[in-house]
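# Structural characterization, general
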Amino acid sequence: MKFKPIIPFEPMSSDDVPQGKEWVSQIKWDGVRILTYFDGIEVRQFNRKLNERTKHFPELIDVNSYCKAKSVILDGEVIALDQKGNPSFHEVMRRDGIRRMDRVSHVMQAVPVYYMIFDVIFYNGEWINNYPLDKRLDILSDIITPNKYAQTVPVQQDSRSLFEVTKQHNLEGIVCKNLNSRYIIDGKTSDWQKVKNYKDLIGVVGGVTYRGDVVNSIYIGLYDDKGKFWYVGHVGTGKLSKADWKGLTKIIESLKVDSNPFINEPDKQKNIQWLKPLITVKVQYIEWPEGHTLRQPSIQAFVNQDPKECKLT
Amino acid sequence: MHTVWKGSISFGLVNIPVKLFSAVEDKDIKFRQLHKECLTPIRYKKVAENCGDEEVKPDDIIKVYETPQGKYIQITDEEINKLKEEFELKQVSIIDFVKLAEIDPIYYDKTYYVGAESNGTKPYALLSEILKRTEKIGIAKVTIRSSERLAAIRPHNDMLIMETLHFPDEVRDSGSVPYASHIDKSAVSEKELQVGMMLVDQLTTKFEPEKYTDTYRTALENLIQEKIERNLFVDTPDKDVKKDTSNVYDLMAALQASIDKTKTETAPPKTRKPRKKTS
């Protein structure tokens, strides 16, 4: 049997850690959500937008090296680490964003990835998404034997402590889950709640400034429902390397325009080179006070997304 | 796969939302250049003919068209963008249906897979099935990356494929190839023809593209891979810091240590795995 890829269950955002015996929590790994489909014969991987990723992570394709199920659908996050050993979205994008499949083996050596598995939706010929989380986690811990590349995400009962720990280690946050909850395909309910240490958004680059002949900051905007493009902040710090900035400088050559693409005027700053809003970027920030620009934004990585989907929410 | 174009195909009253994906990828190995002396990358520098060696900044460059008389006409980005918006129809209208064999392969340019959007799988299947049963392909006009192209839409398994086609005026006249007018088939004897055709018969097989690979590229890849394995890296001055051996085990162990510490500070220890509890 061939699986049709599903849209995974998504957590709602929450400011507080829910309390009660029925709640457990797990670290929210900052990577790319990848579901693994093994029908007993063939293994395929898809992301949450149903784009196939089977060829991107060869180290994860041998499912039977870490999972003893005869057939299975696993849900997890593929992550990569930076040089200090911390999860880095920027690093994992070097694997996920690859366009030329003949380069996979080279990049695989430079950027190892890890599969942090947190759920099982199908097991030995049966859909188990309607089993309570409690039971699914039992099955998961039973069938997974962690190896160098695949791990199960530990479950914690003391959600507040775990949240404290993610703060200490500067991780994205935690996902709190109700032990009695079902896995709702293409669903988003408060049975899963994400509590984050910092916020992020995917925005569109509408302008840049240069230092010398290399770009050193970007001006970011989001679309409203009427399709108007609003400036929300500019940022020059983050995860981009010198080579990344140089690469960006080249790419934007063909996107230059003479007039401001934003509906509003960015903070007074001369010498902005306006761009056709096409490049999308993930930006982390501390706060976004109403009527102001992003506070302490920092670039995570360039991402592949339809610019029109980058909306003010 | 990366979407190169998003729009819709229309024929008759049916409108099919689609995305295009490149069907082929370039596998050429790209080289970079380093200066032999200092081992840093070579780059291009834009200079103006009259202004010495000083590099011209992007802001100080304008785009012009050169006429055959050597005169220049300036075209601004705004003017180009305006035209692009005006003519970049996000719709492919099928204007004719023809037989595949009627198109000389000389017209084929690029091949794209046509992907259906979730709300358009039914009309997509309809068009694909119609083309299959009638053994026809659709001819359409489409604008990709701001240039207008002729395109052929044909079925492939259960999918649709779009081939962009060259316009007839882009195909050069074969008569201007040297000796084109000297090719004289009356100089060939019937015997030579029979022998040649017999040879063709003997060599005739089924087309199995898997049989043919780019042997030069494979050899070059092997050479590169072998040098990587032997650590024969060029000793460049500002090389990246080597990846250290940090792995996910270290990180998870560090996190677990923090969790244990936080717990002993705040609360009596609890079982780590909650699923053994009775519920």
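Report follows, based on the coordinates.

Cut-off values and rules
Residues numbered from 1 in each chain as written. Chains lettered and ligands numbered in written order. Predicted model: local features only at pLDDT ≥ 70, side-chain atom pairs only at ≥ 80, totals over all residues. Heavy atoms only, no water. Phe/Tyr/Trp six-rings, centres within 6.5 Å; stacked < 30°, edge-to-face > 60°. Helix = DSSP H or I, 4+ residues; strand = E, 2+ residues; numbered from the N terminus. Buried < 20%, exposed > 50% of the residue type's maximum accessible area, 1.4 Å probe, protein only. Lys NZ or Arg CZ within 6 Å of the ring centre and 35° of its normal. Core = buried A, V, L, I, M, F, W, Y, C linked by side-chain atoms within 4.5 Å. Contact = heavy atoms within 4.5 Å. Buried area = accessible area lost by both parts, 1.4 Å probe. Salt bridge = Lys/Arg side-chain N within 4 Å of Asp/Glu carboxyl O. Polar contact = N/O pair within 3.5 Å; in protein donor to acceptor, adjacent residues only side chain to side chain. Nonpolar A, V, L, I, M, F, W, Y, C, P; charged D, E, K, R; others polar. Pairing = 2+ DSSP bridges. Axes fitted to C-alpha atoms, helices over the stretch in contact; angles between N-to-C directions. Lys, Arg positive; Asp, Glu negative; His and termini not counted. Patch = residues over 30% accessible without salt bridge, like charges linked within 9 Å, V, L, I, M, F, W, Y side chains within 5 Å. Areas by Shrake-Rupley, 256 points an atom, 1.4 Å probe, with all protein chains shown as cover. Charge placed at Lys NZ, Arg CZ, Asp CG, Glu CD.

## Observations concerning the packing of aromatic side chains
Residue and element names in this part refer to chain A. For the structure shown, the criterion picks out 16 aromatic pairs over all chains. With a centroid separation of 4.7 Å and 80° between ring planes, the pair formed by Phe-3 and Phe-122 is classed as edge-to-face. With Phe-3 in the segment before strand S1 (10-13) and Phe-122 in strand S6 (residues 113-123), this residue pair connects regions lying 119 residues apart in the sequence. Taken as a pair, Phe-3 and Phe-122 share a single burial class, namely buried. Measuring from ring centre to ring centre gives 4.8 Å for Phe-229 and Phe-262, while their planes differ by 15°; the resulting arrangement is stacked. Taken as a pair, Phe-229 in strand S13 (residues 229-235) and Phe-262 in the loop between helix H5 (242-251) and strand S14 (273-274) lie far apart in primary sequence, 33 residues in all. By relative accessible area, which is 5% here, Phe-262 ends up buried. Through a chain of ring-to-ring contacts, the aromatic side chains of Tyr-219, Tyr-223, Phe-229, Tyr-231, Phe-262 and Trp-274 assemble into a single cluster. Taking the ring centre of Tyr-131 as reference, the NZ or CZ of Lys-135 above it sits at 4.4 Å. For Lys-177, the ring lying beneath its charged end belongs to Trp-192, and the centroid distance is 3.9 Å.

## Overview of the nonpolar core
Residues and elements named next belong to chain A. In terms of nonpolar packing, the biggest core is built from 38 residues, with Tyr-66, Cys-67, Val-72, Leu-74, Val-78 and Tyr-115 touching the most fellow members. For this core, the elements supplying multiple residues, two or more each, are strand S3 (32-38), strand S5 (72-80), helix H1 (89-96), helix H2 (104-110), S6, helix H3 (133-143) and strand S16 (298-303). Considering each element in turn, this core owes the most residues, 5 residues, to H3. Setting aside chain neighbours within four positions, we find Leu-74 in contact with Ile-34, Leu-35, Thr-36, Tyr-66, Cys-67, Tyr-115, Ile-117, Asp-119, Val-120, Leu-140 and Ile-144.

## Description of the interface of chain B and chain A
Listed by partner, the interface residues are 43 residues for chain B and 53 residues for chain A. Each partner contributes to the roughly 4100 Å² buried at the junction of chain B and chain A, and carbon and sulfur atoms together form 50% of this total. Inspection of the chain B/chain A interface yields 1 salt bridge. Salt-bridge contacts for Asp-306 of chain A lead to Lys-6 of chain B; the nearest nitrogen and oxygen are separated by 3.3 Å. Counting the contacts that link chain B with chain A gives 4 residue pairs in polar contact (both at pLDDT 80 or more). Going through the elements one at a time, helix H1 (77-87), helix H4 (215-229) and helix H5 (248-266) of chain B are the ones with two or more residues in the side of chain B that touches chain A. No other element matches H5 of chain B, which puts 12 residues into the side of chain B that touches chain A. When its residues are assigned to classes, the side of chain B that touches chain A shows 11 nonpolar, 12 polar and 20 charged.

## As for the sheet that holds S1 of chain A
Residue and element names in this part refer to chain A. In spatial order, the strands read S1-S10-S9-S2; together these 4 strands make up an open sheet with mixed pairing. Of all the strands in the sheet, just S1 and strand S2 (23-27) have a single pairing partner and so form its edges. Ignoring strand direction, the axes of neighbouring strands in this sheet form an average angle of 40°. The sheet contact formed by S2 and strand S9 (residues 173-178) spans 5 bridges and is antiparallel. Bridge pairing in S9 links Val-24 to Lys-177. Seen against the sheet, helix H4 (residues 159-168) touches S2, S9 and strand S10 (188-196) and runs at an angle of roughly 160° to S9.

## Some remarks on the side chain of Asp-224 of chain A
Residues and elements named next belong to chain A. Summarising the element assignment, Asp-224 is placed in the loop between strand S12 (214-223) and S13. No salt bridge is formed by the buried Asp-224, whose closest oppositely charged neighbour, Lys-228, lies at an N-O distance of 5.6 Å. Within the structure, Asp-224 has its side chain in polar contact with the backbone nitrogen of Lys-228 (distance 2.8 Å). Apart from residues no more than four positions distant in its own chain, Asp-224 is found in contact with Trp-230, Lys-311 and Leu-312.

## Focus on a positive patch on the surface
On the surface, a cluster of positive charge is made up of Lys-242, Lys-246 and Lys-250 of chain A together with Arg-32 of chain B. Taking relative accessible area as the criterion, Lys-250 of chain A reaches 69% and is therefore assigned exposed.

## Observations concerning unusual backbone geometry
Phi at Asn-170 of chain A is positive, roughly 55°, even though this residue is not glycine. Mapped onto the elements of the fold, Asn-170 of chain A is located in the loop between H4 and S9.

## Details of H1 of chain A
Counting buried positions along H1 of chain A yields 7 of 8 residues, so the element is predominantly enclosed. Among all positions of H1 of chain A, only Phe-89, His-90, Glu-91, Val-92, Met-93, Arg-95 and Asp-96 of chain A are buried.

## Some remarks on the pairing of S3 of chain A
Remark: a regular strand shows side chains that alternate across the two faces of the sheet. Residue and element names in this part refer to chain A. The buried fraction of S3 amounts to 7 of the 7 residues, a majority that puts the element mostly inside the structure. Here S3 shows two buried faces, one formed by Val-32, Ile-34, Thr-36 and Phe-38 and the other by Arg-33, Leu-35 and Tyr-37. As defined by bridge partners, S3 adjoins strand S4 (residues 43-47) across 5 bridges and the pair is classed as antiparallel. What sits directly across from Ile-34, in S4, is Asn-47. Counting the residues in the hairpin turn of S3 and S4 gives 4 residues, including Gly-40, whose phi is positive at 105°.

## Points about the pattern of salt bridges
Residue and element names in this part refer to chain A. Within this structure, the stated rule accounts for 30 salt bridges over all chains. Close ionic contact of Arg-95 with Glu-59 constitutes a salt bridge, the shortest N to O distance being 2.8 Å. Here the residue Arg-95 occupies a position in helix H1, and Glu-59 occupies one in the loop between S4 and S5, the gap between them amounting to 36 residues. In this structure, Arg-295 engages Glu-287 in a salt bridge whose closest nitrogen and oxygen atoms are separated by 2.6 Å. For Arg-295, a relative accessible area of 37% corresponds to the partly exposed category. A residue is classified by how much of its surface remains accessible, and Glu-287, at 33% relative accessible area, is partly exposed.

## A look at the pairing of S12 of chain A
Residues and elements named next belong to chain A. Most of S12 sits out of view: 8 of its 10 residues are buried. The pairing of strand S11 (residues 199-211) with S12 spans 7 bridges and is antiparallel. Looking at the pairing, Arg-211 lines up with Val-214 of S12. Between S11 and S12, which follow one another and run antiparallel, lie 2 residues, and Gly-212 among them has a positive phi close to 65°. Relative to S13, S12 runs antiparallel, the two sharing 6 bridges.

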